[in-house]
Amino acid sequence: MEKAQEWFDYAIELAKEFGPKLVTALIIYLVGMWVVNKIIKGTRKVMSKSKYDQSLQKFLLNLFSWALKVFLIIIVISRLGVDVTTFAAVIAAAGLAVGLALQGSLSNFAGGVLIMIFKPYKIGDLIEAQDVLGRVKGIEIFTTKLVTPQNRLAIVPNGAMANGNIINYTAEGKVRVDTVIGVGYDEDIKKTKEVLLKVLTSNDKVLEDPAPSVNVLELADSSVNFAVRPFCKPEDYWDVYFATYENSKVALDEAGIEIPYPHRVQVQKGG
């Protein structure tokens, strides 16, 4: 019983000594978080009015938000009676250990900074990187988020993005759609080219400049393959891609031009 009384008295003494500090620290934290949120919200409005790049805006706001929160935590810890100088030394030592353990994360952070500076892509761009094709949904401190044509979310580390090859289909405002159509060896090449070219020029989503092209690509085993290459806006890529195959099949059938079965169809990259 006496032991329990001693513990109770000790708890009362601790409450008297640290209770006010704890309550004050909690109030500082709650008010501080409210102030931080207000500052971030105001900064976001200023950036929006200044027409900051959307990806740069999100990146800077995240960085600014974390800096303010760390500063607030230091103030709260200081109010609890912890020596901030000692705490800073502990943080520095821990930071070194964590830094060595999380070299990949630091690389991703550095990659994010490089992406913000050189801007190889921005939110909304259609890009291909790290074997992923997709539209950029967000650029965060450590990762880039891509939405693939299958509507899947791909999260790619910024370190790999900054140090790897990136193909930006949106940057030039125009993209070439590469398709291959094969016809029989007995068919007239000139007539086939006219039919396929008409298919392209009749599609409203195919651009006039650069002009679409139809050329003999190869003499395959069972067919003469034509490289059918229209240009379109990046957002129309898949519409033009599928329409080219479908409309070519219909037009060639109507023109009496044979499409061998089976014939090899492949998508050519570049060239």
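Computed from a predicted structure; not experimentally measured.

**Q** Explain helix α6 (residues 189-201) here, please?
**A** Residues three or four positions apart in an α-helix share a direction because the helix packs 3.6 residues into each turn. For α6, built from 13 residues, the straight-helix expectation of 18 Å at 1.5 Å per residue is met to within 8% by its first-to-last C-alpha distance of 18 Å. Burial in α6 covers these residues: T192, V195, L196, V199 and L200. Looking down the long axis of α6, one finds its buried residues gathered within 140° of arc, a one-sided arrangement. Across α6 from its buried face, at more than 90 degrees, point the exposed residues K190, K198 and T201. At its buried positions, α6 is contacted by β7 (179-183), β8 (213-219), β9 (224-229) and α7 (237-254). Where α6 begins, the capping side chain belongs to D188, and its oxygen is found 3.1 Å from the backbone nitrogen of K190.

**Q** Explanation requested: the sheet that holds β8 in the structure shown.
**A** Within a sheet, adjacent strands bond to each other through the backbone by hydrogen bonds, running parallel or antiparallel. Taken together, 3 strands build an open sheet; the order of strands is β7-β9-β8 and the sheet is antiparallel. Two strands in the sheet have a free side with no partner beyond their single neighbour: β7 and β8. The mean angle between the axes of side-by-side strands here comes to 30°, regardless of whether they run parallel or antiparallel. Of the pairings in the sheet, the one linking β8 to β9 comprises 6 bridges and is antiparallel in character. Residue pairing in the sheet places E218 in a bridge with N225 of β9.

**Q** Help me out: how do you make sense of the sheet that holds strand β2 (residues 132-139) in this one?
**A** Judged by pairing direction, the sheet is antiparallel, and its 5 strands sit side by side in the order β4-β3-β2-β1-β5 without closing on themselves. Lying at the two open borders of the sheet, with one neighbouring strand each, are β4 (153-157) and β5 (166-168). Averaged over all pairs of adjacent strands, the angle between their axes in this sheet comes to 40°, without regard to strand direction. In terms of strand pairing, strand β3 (residues 143-147) meets β4 through 5 bridges, oriented antiparallel. Counterpart to T144 in the pairing with β4 is V156.

**Q** For this particular structure, what's the right way to read the UniProt feature "transmembrane region" (unreviewed entry) in the protein?
**A** What UniProt calls "transmembrane region" (unreviewed entry) maps, in this numbering, to residues 22-40, 60-81 and 87-118. Helix makes up 100% of residues 22-40 and strand 0%, and the two end C-alpha atoms of the span are 26 Å apart.

**Q** Hey, could you run me through the pairing of β4 in this one?
**A** Here β4 shows a buried face lined by A154 and V156 and an unburied face lined by L153, I155 and P157. Count of turn residues in the β3/β4 antiparallel hairpin: 5 residues, of which N151 carries a positive phi of about 65°.

**Q** Is there a simple way to explain the environment of Q57 in this structure?
**A** By the element assignment, Q57 lies in helix α2 (residues 54-79). Under the relative-accessibility criterion, Q57 is labelled buried at 12%. For Q57 and M116, which are 59 residues apart along the polypeptide, the C-alpha to C-alpha distance reads 9.6 Å.

**Q** Please clarify how a positive patch on the surface should be interpreted in this entry.
**A** Residues K38, K41, R44, K45 and K49 make up a contiguous surface patch of positive charge. As for its placement among the helices and strands, R44 is situated in helix α1 (residues 2-49). By relative accessible area, R44 is classed as partly exposed at 38%.

**Q** What should I look at first to understand the pattern of salt bridges in this one?
**A** Opposite charge on two side chains permits them to pair, given that their charged atoms come into close proximity. Within the structure shown, the criterion is met by 6 salt bridges. Notably, a salt bridge pairs K145 with E140, separated by 3.3 Å at the nearest N-O pair. For E140, a relative accessible area of 32% gives the class partly exposed. Notably, a salt bridge pairs D178 with R176, separated by 2.7 Å at the nearest N-O pair. Taken together, the shared-partner salt bridges in this structure form one network comprising R176, D178 and R229.

**Q** Any chance you could explain a nonpolar patch on the surface here in plain terms?
**A** Together, V23, I27, V31, W34, V35, I39 and F64 make up a nonpolar patch on the protein surface, roughly 620 Å² of accessible area in all. Within the element layout of this structure, V35 appears in helix α1. Classification of V35 as partly exposed rests on a relative accessible area of 34%.

**Q** Sorry if this is basic, but what is going on with α7 here?
**A** Between its first and last C-alpha atoms α7 spans 26 Å; for 18 residues at 1.5 Å apiece the expected length is 26 Å, and the two agree. All of the buried residues along α7 are Y237, V240, Y241, A243, T244, Y245, S248, A251 and L252. Buried residues belonging to α7 abut β6 (175-176), β7, α6, β9 and β10 (231-232). A positive backbone phi angle near 75° is found at G256, which sits one or two residues after α7.

Conventions adopted
Residues numbered from 1 in each chain as written. Predicted model: local features only at pLDDT ≥ 70, side-chain atom pairs only at ≥ 80, totals over all residues. Heavy atoms only, no water. Helix = DSSP H or I, 4+ residues; strand = E, 2+ residues; numbered from the N terminus. Expected span 1.5 Å × (residues − 1). Buried < 20%, exposed > 50% of the residue type's maximum accessible area, 1.4 Å probe, protein only. Arc of directions from axis to C-beta. Contact = heavy atoms within 4.5 Å. Polar contact = N/O pair within 3.5 Å; in protein donor to acceptor, adjacent residues only side chain to side chain. Pairing = 2+ DSSP bridges. Axes fitted to C-alpha atoms, helices over the stretch in contact; angles between N-to-C directions. UniProt positions renumbered as here; feature names shortened; annotations may be inferred. Patch = residues over 30% accessible without salt bridge, like charges linked within 9 Å, V, L, I, M, F, W, Y side chains within 5 Å. Areas by Shrake-Rupley, 256 points an atom, 1.4 Å probe, with all protein chains shown as cover. Salt bridge = Lys/Arg side-chain N within 4 Å of Asp/Glu carboxyl O. Lys, Arg positive; Asp, Glu negative; His and termini not counted. Charge placed at Lys NZ, Arg CZ, Asp CG, Glu CD.

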